[in-house]
Amino acid sequence: MTDFFLKTLWWIPCYPLIGALLSTLWFPSIIRRTGPRPAGYVNIITTLFAFVHELFVLTEIWGQPPQQLIIPWFSIVDLNLDIPLEISVVTVGATLVITGLNLLAKIYAVGYMEMDWGWARFYSLLALFEAGLCGLVLCNSLFYSYIILEILTLGTYLLVGLWFNQPLVVTGARDAFLTKRVGDLFLLMGVVALFPLAGTWNFTELAQWSQTAQIDPQVATLLGLALLAGPLGKCAQFPLHLWLDEAMEGPIPSTILRSSVVVASGAWVLVKMQPVLALSPLVMSTMVFIGLATSVGASCIAIAQIDIKRALSYSVSAYMGITFIAVGTGQTQAALSLLFTYALPMALLVMTTGGIISNNITQDLTQYGGLWSRRTISGLCFLVGIISLVAVPPFGGFWTILELTQTLWNTQPAIALCLFLVNGLTVFSLTREFGLIFTGKPKQMTTRSPEVLWAMVLPMTILAGFCLHIPLLLKQWNLLPEWETINLTVAGLLITSTVLGWGLSAMIYWNSNWQKPVKLPSQAVQDFFAYDFYTAKLYRVTIIFVVGLISNTMYWIDRYIVDGFVNLVGIATIFSGQSLKYNVSGQTQFYALTIILGVTLLLGFFTLNLF
């Protein structure tokens, strides 16, 4: 029986696609009598089928080497576009995380979207996300990974723009789509350029080819930078990071997936391409530099935000920056562990904040306060998300960050120190959010704020339980370090950064006597962080200005030169035609006179040329 599930592994992305197709039946223009709710229930069932299927496959392949499953599709001459699937504990485990989080998000959406008539469209798009992500982690081809990333970009645009009657939603969806397209365009160039060099798009074969590849260093650099641009946009790294902030305008249930696993899709492809990127030391250094700039910068920006969604979005970018650092320093195993230990706590934090927003209307952190006595379950879930995400022993985030920093401490201690700083800033930011929401006295917006519906509380509590059990899962998978291999200095510095971040933030934001919102002595410095290093303004005076200038120039050329020449020819033709019609009198002698005059003029012209 288990062999059947193994051979039909390719069904896993098909389950959510079936749910998406069935959801169309409950579009308001087709079935109105039952309302749209059955679309949600159908999708929950199909996701559950996928989750159970993956469990059977995982038990079958546990402890076995990776296997290949080839789905024939298209092959001609040297071009082979068959679909290769990698069946391993890592890939199947990743699909379990994706479908598990999607299952919880869909249940969560039953409560969050209770009064919304867009259920069918919303659940079908969530299913598209799930199918794309599962296909991405199972697919062992860069070509198909690029296609799936494009599908996810489209899904992001449609989900963010779900409530398309709101101007900010339309703007957020548009900017998210266009920003990702910048990275996708360069990624496509890299995908096309790689095939003539390597002769394959298969990740396994690319890793083997890169070990003996002899290519020009400049070609390797250009190729690596092009391949790096795609994950750069998907993971919301500087300078293509603003889309994630604006994408928060979409419904919270979709944000659960976007902030936990969708942004990680770029990092997954980055890990798979690491052997090719390592052909150029400059590309690896660029990756580390981008990761450092994003993780440190985004952590600082998150502290200055008063919008609860914006604060979390910058923490997402910061952790994806840490993943870039891990891949750039060759620690792909640490990167994969980080993606796992990051996804569950971040999804839990988004769920918790979504429940708070749902019945408090506002997203302004300064209008919250005193919710601990009214929403203890949400408060506990938020705390579990914090301690599981950052370096708090013995929870999951501590072990993955420790693994990364221990290696860097021996080779590149400056980067390790930056990671200590990022951890401390993230702890400060999340503790600040907890303090503004749950501590202090109730305010006008939080006086009446009961716990949300069971459909939203149940996924939160289940996910909190999984977050607390992450260390046990890491131990089961032999990913925890042995006690004698732990560098006590690194562990001590990591814990110290956590304690300092928590202590300083708690002193400020858990203290009712400290005036809030906190004002820095320099308003310019505060605005610098609050307005995202003025990145949006920088865009307007650089990229947008240049694109606008080129567009206006092309418009002027098209309007006055291209169209002007065509219009000139048209006017000349009309004028000559109108002039000639007066020479048509219908009299034969007039035509004869015209011919004689014409011949006389020609003869005169030729006679003058002879002399």
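Criteria and thresholds
- Per chain, residues are indexed from 1 in the order of the written sequence.
- Owing to the predicted nature of the model, reporting of local features is limited to residues with pLDDT of at least 70; listing and counting of side-chain atom pairs is limited to 80 or more, with chain, interface and lining totals taken over all residues.
- Excluding hydrogens and water, the side-chain figures rest on all heavy atoms present in the structure.
- Strands here mean DSSP runs of E at least two residues long; helices mean DSSP runs of H or I at least four residues long; both are numbered from the N terminus.
- For every residue, the accessible area (1.4 Å probe, protein chains only) is compared with the maximum for its type, and the residue is labelled buried under 20%, exposed over 50%, or partly exposed between those bounds.
- Whether two residues touch is decided by their heavy atoms; if any such pair falls within 4.5 Å, the residues are in contact.
- In summary, the charge assignment counts Lys and Arg as positive and Asp and Glu as negative, without counting His or the chain termini.
- One atom stands in for each charge, and that atom is NZ of Lys, CZ of Arg, CG of Asp or CD of Glu.
- Helix span is expected to be 1.5 Å times the residue number reduced by one.
- Pairs of N or O atoms within 3.5 Å make up the polar contacts considered here, provided that, within protein, one atom can donate a hydrogen while the other can accept it, and that residues adjacent in sequence are counted only when both atoms are side-chain atoms.
- Only the stretch in contact is used when a helix axis is fitted, and all axes are lines through C-alpha atoms; the angle between N-to-C directions ranges over 0 to 180 degrees.
- Note on angle classes: values under 35 degrees are labelled roughly parallel, values over 145 roughly antiparallel, values of 65 to 115 roughly perpendicular, and the remainder oblique.
- Less than a right angle of anticlockwise turn of the near helix away from the far helix marks a crossing as left-handed, whereas a clockwise turn marks it as right-handed.
- Basically, the charged four are Asp, Glu, Lys and Arg, the nonpolar ten are Ala, Val, Leu, Ile, Met, Phe, Trp, Tyr, Cys and Pro, and anything else, Gly included, counts as polar.
- Think of it as the arc spanned by the lines of direction from the helix axis to the C-beta atoms.
- UniProt positions are given in the numbering used here, feature names are shortened, and annotations may be inferred rather than shown by experiment.
- Two rings from Phe, Tyr or Trp (for Trp, the six-membered ring) form a pair when their centres are within 6.5 Å of each other. A pair whose planes differ by under 30 degrees is stacked, one over 60 is edge-to-face, and the rest are tilted.
- Domain segmentation is taken from an automatic or database assignment of domains.
- Using a 1.4 Å probe, buried area is obtained as the accessible area two parts lose upon being combined, added over both of them.
- When a carboxyl oxygen of Asp or Glu is within 4 Å of a side-chain nitrogen of Lys or Arg, the pair counts as a salt bridge.
- Here, two cysteine sulfur atoms that lie within 2.5 Å of each other are counted as a disulfide.
- Buried Ala, Val, Leu, Ile, Met, Phe, Trp, Tyr and Cys residues form a nonpolar core when they are joined through side-chain atoms within 4.5 Å.
- Both site types are read off a 1 Å grid over the protein atoms alone. A 1.4 Å probe that fits but cannot get out defines a cavity, while an open set with protein on both sides within 12 Å along at least five of seven lines defines a pocket; lining residues have an atom within 4 Å of a point.
- Grid points are joined across faces, edges and corners, and a volume is the space filled by probe spheres set on the points.

1. As for the overall build of the protein
Here's step 1: Of the regular secondary structure elements, the protein holds 25 helices and 4 strands.
Here's step 2: On the principal axes, the C-alpha backbone points of the protein span a range of 115 × 60 × 60 Å.
Here's step 3: Looking at the protein as a whole, 50% of its 611 residues are labelled buried.
Here's step 4: For the protein, restricting intrachain contacts to residue pairs at least 6 apart in sequence, the fraction spanning at least 24 positions comes to 79%.
Here's step 5: Positive and negative side-chain charges in the protein, numbering 27 and 28 respectively, have mean positions lying 14 Å apart.

2. A look at helix α14 (residues 308-328)
Here's step 1: Compared with the 30 Å implied by 1.5 Å per residue over 21 residues, the 31 Å span of α14 between its first and last C-alpha is a close match.
Here's step 2: Near the N-terminus of α14, the side chain that reaches the backbone nitrogen of K309, with its oxygen 2.8 Å away, is that of D307.
Here's step 3: Two residues or fewer after α14 comes G330, characterised by a positive phi angle close to 85 degrees.

3. Quick look at the packing of helix α4 (residues 89-112) against helix α19 (residues 454-468)
Here's step 1: Two elements in contact, α4 and α19, have axes whose closest approach is 7 Å; the angle formed by their N-to-C orientations is 155 degrees. In this view, α4 runs roughly antiparallel relative to α19, as classed from their interaxial angle. The element α4 and its partner α19 pack so that their crossing is left-handed. Seen from α4, the contacting residues are L101, L104, I107, Y108, V110, G111 and Y112; seen from α19, they are A455, M456, P459, M460, I462 and L463.
Here's step 2: Per-class residue counts for the contact of α4 with α19 are 12 nonpolar, 1 polar and no charged.

4. Things to note about helix α2 (residues 14-23)
Here's step 1: Within α2 the residues assigned to the buried category are Y15, P16, G19, A20 and S23. For α2, the angular spread of the buried residues around the axis is 140 degrees, confining them to a single face.
Here's step 2: Summarising the contacts, the buried residues of α2 are in contact with α3 (37-61) and α5 (119-138).

5. Here we look at the UniProt feature "domain: NADH:quinone oxidoreductase/Mrp antiporter transmembrane" (unreviewed entry) in the protein
Here's step 1: Those places that UniProt annotates as "domain: NADH:quinone oxidoreductase/Mrp antiporter transmembrane" (unreviewed entry) correspond, in this numbering, to residues 140-422.
Here's step 2: This span, residues 140-422, is 79% helix and 0% strand, and a straight line between its end C-alpha atoms measures 33 Å.

6. Observations regarding the environment of P413
Here's step 1: Residue placement: P413 occurs in helix α18 (residues 413-438).
Here's step 2: A relative accessible area of 39% places P413 in the partly exposed class.
Here's step 3: Once the C-alpha coordinates of P413 and I215 are considered, the two residues, 198 residues apart in sequence, prove to be 32 Å apart.

7. Some details on the packing of aromatic side chains
Here's step 1: Under the criterion given, the structure shown has 20 aromatic pairs.
Here's step 2: Seen in terms of ring centroids, F195 and W201 are 4.6 Å apart; in terms of plane orientation they differ by 40 degrees. Their pairing is tilted.
Here's step 3: Look at W201 and you get buried, because its relative accessible area is 12%.
Here's step 4: Through a chain of ring-to-ring contacts, three or more aromatic side chains come together here, namely W372, F382, F434, F438, W502 and W510.

8. Concerning the domain arrangement of the protein
Here's step 1: For the protein, the assigned domains are domain 1 (1-140), domain 2 (332-518) and domain 3 (540-608).
Here's step 2: Of note, the centres of domain 1 and domain 2, computed from C-alpha atoms alone, are 29 Å apart.
Here's step 3: Listed by partner, the interface residues are 12 residues for domain 1 and 19 residues for domain 2.
Here's step 4: It is L101, L104 and Y108 in domain 1 that bury the most area against domain 2; as a group they hold 47% of the surface buried on that side.
Here's step 5: At the junction of domain 1 and domain 2, the tally comes to 0 salt bridges.
Here's step 6: Here domain 1 is connected to domain 2 by 2 residue pairs in polar contact (both at pLDDT 80 or more).
Here's step 7: Grouping the constituent residues of the side of domain 1 that touches domain 2 by class yields 10 nonpolar, 1 polar and 1 charged.

9. Structural notes on the environment of Q331
Here's step 1: As for its position among the elements, Q331 is in the loop between α14 and α15 (332-360).
Here's step 2: In this view, Q331 contacts A326, E403, L404, T407 and L408; residues no more than four positions away in its chain are not counted.

10. Digging into the side chain of S313
Here's step 1: Position of S313 among the secondary structure elements: in helix α14.
Here's step 2: Residue classification places S313 among the buried positions, given a relative accessible area of 2%.
Here's step 3: Dropping the residues within four chain positions of it, S313 is found in contact with L244, D245 and M248.

11. Focus: the state of the cysteines
Here's step 1: Applying the stated criterion to the full structure yields 0 disulfides.
Here's step 2: C14 supplies the cysteine sulfur nearest to C134, a cysteine that is in no disulfide, at a spacing of 11 Å.
Here's step 3: C134 gets classed as buried once you look at its relative accessible area, which sits at 0%.

12. Examining the packing of α4 against α5
Here's step 1: Where α4 meets α5, the axes come as close as 9 Å, and the angle between the chain directions of the two elements is 170 degrees. Accordingly, the angle class assigned to the pair α4 and α5 is roughly antiparallel. Two secondary-structure elements touch here, α4 through T91, A94, T95, I98, T99, N102, K106, A109 and V110 and α5 through W119, F122, Y123, L126, A127, E130, L133, C134, V137 and L138.
Here's step 2: Residues belonging to the contact of α4 with α5 are distributed by class as follows: 13 nonpolar, 4 polar and 2 charged.

13. Some details on the nonpolar core
Here's step 1: Counting residues in hydrophobic clusters, the biggest one holds 162 residues, and the most contacted among them are L101, L142, L227 and L463.
Here's step 2: Here the element with the most residues in this core is α15; it accounts for 15 residues.
Here's step 3: Inspection of this core shows a minimum of three residues originating in each of domain 1 (1-140) and domain 2 (332-518).
Here's step 4: Beyond its immediate chain neighbours, meaning those up to four positions away, L463 contacts L101, L104, L344, A347, L348 and M351.
Here's step 5: Listed in part, the 8 residues of the second largest apolar core include A298, I301, A302 and Y314.

14. Here we look at the pattern of salt bridges
Here's step 1: Scanning the entire structure with this criterion turns up 4 salt bridges.
Here's step 2: Ionic pairing is found between D184 and K234, a salt bridge with its closest N-O pair at 3.3 Å. Taken together, the residues D184 in helix α7 (residues 167-198) and K234 in helix α9 (residues 217-234) connect sequence positions 50 residues apart. Of the two residues, D184 and K234, neither departs from the other in class, the shared state being buried.

15. Describing the side chain of S505
Here's step 1: Looking at the element boundaries, S505 is found in helix α21 (residues 488-509).
Here's step 2: Every residue in contact with S505, bar those within four places of it in the chain, is listed here: F428, T431, R432 and W510.

16. Some points on empty space enclosed by the protein
Here's step 1: Within this structure, the stated rule accounts for 1 cavity of 30 Å³ or more.
Here's step 2: Counted as a void, the largest cavity has a volume near 50 Å³.
Here's step 3: Together, M248, I252, T255, I308, K309, L312, V350, T353 and I357 line the largest cavity.
Here's step 4: Of all elements in the fold, only α11 (252-272), α14 and α15 reach the threshold of two or more residues within the lining of the largest cavity.
Here's step 5: Considered class by class, the residues forming the lining of the largest cavity number 6 nonpolar, 2 polar and 1 charged.

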